[in-house]
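Remarks on the overall topology
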Amino acid sequence: MNNSLVLTKKQKTELEGFKKNSCSGLREFNRAMILTFLNKGMTTTEIEELLDVDRTTIWRVKTRYLERG
C-alpha cells in the first residue's frame, strides 16, 4: 500500500483542532490521527500498532479522504 499523503497547512490545522475537540468520539479521533500519521510518512504497520486499528480501516480512511476530502 502506498502511504504517501500530503496535507495542506489548512488541512493540518483543521485536523489539529479536531483532535483537541473534546466532543469528538474515538472513531473520529482515530481518523484524524490516521491522516496525520500518513502525512508524516508512517507505515500502515506502525499506525496499526499505535492506534490498535486494522489495516483495512487505514486503507478506507485514506481512500475516502482522497476521494472526498
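All values derive from a computational prediction rather than experimental measurement. (Residues numbered from 1 in each chain as written. Predicted model: local features only at pLDDT ≥ 70, side-chain atom pairs only at ≥ 80, totals over all residues. Heavy atoms only, no water.)

**Points about the overall build of the protein**
Within the protein, the regular secondary structure consists of 4 helices and 0 strands. Split into buried and exposed, the 69 residues of the protein put 35% on the buried side. Sequence-distant contacts in the protein: of pairs separated by 6 or more residues, those separated by 24 or more amount to 45%. Surface exposure of the protein reaches about 4,900 Å², of which carbon and sulfur atoms provide 51%. (Helix = DSSP H or I, 4+ residues; strand = E, 2+ residues; numbered from the N terminus. Buried < 20%, exposed > 50% of the residue type's maximum accessible area, 1.4 Å probe, protein only. Contact = heavy atoms within 4.5 Å. Areas by Shrake-Rupley, 256 points an atom, 1.4 Å probe, with all protein chains shown as cover.)

**Details of the packing of helix 2 (residues 26-39) against helix 4 (residues 55-68)**
Contact pair helix 2 / helix 4: the axes reach a minimum separation of 10 Å and the direction vectors enclose 80 degrees. Considering the angle they form, helix 2 stands roughly perpendicular to helix 4. Packed against helix 2, whose contacting residues are Arg31, Ile34, Leu35 and Leu38, the element helix 4 presents Thr57, Ile58, Val61, Lys62 and Tyr65 at the interface. Per-class residue counts for the contact of helix 2 with helix 4 are 6 nonpolar, 1 polar and 2 charged. (Axes fitted to C-alpha atoms, helices over the stretch in contact; angles between N-to-C directions. Parallel < 35°, antiparallel > 145°, perpendicular 65-115°, else oblique. Nonpolar A, V, L, I, M, F, W, Y, C, P; charged D, E, K, R; others polar.)

**Side note on helix 4**
Helix length check: helix 4, at 14 residues, gives a terminal C-alpha distance of 20 Å against a target of 20 Å (1.5 Å per residue), a fit within 8%. Phi turns positive, to about 80 degrees, at Gly69, one or two residues after helix 4. (Expected span 1.5 Å × (residues − 1).)

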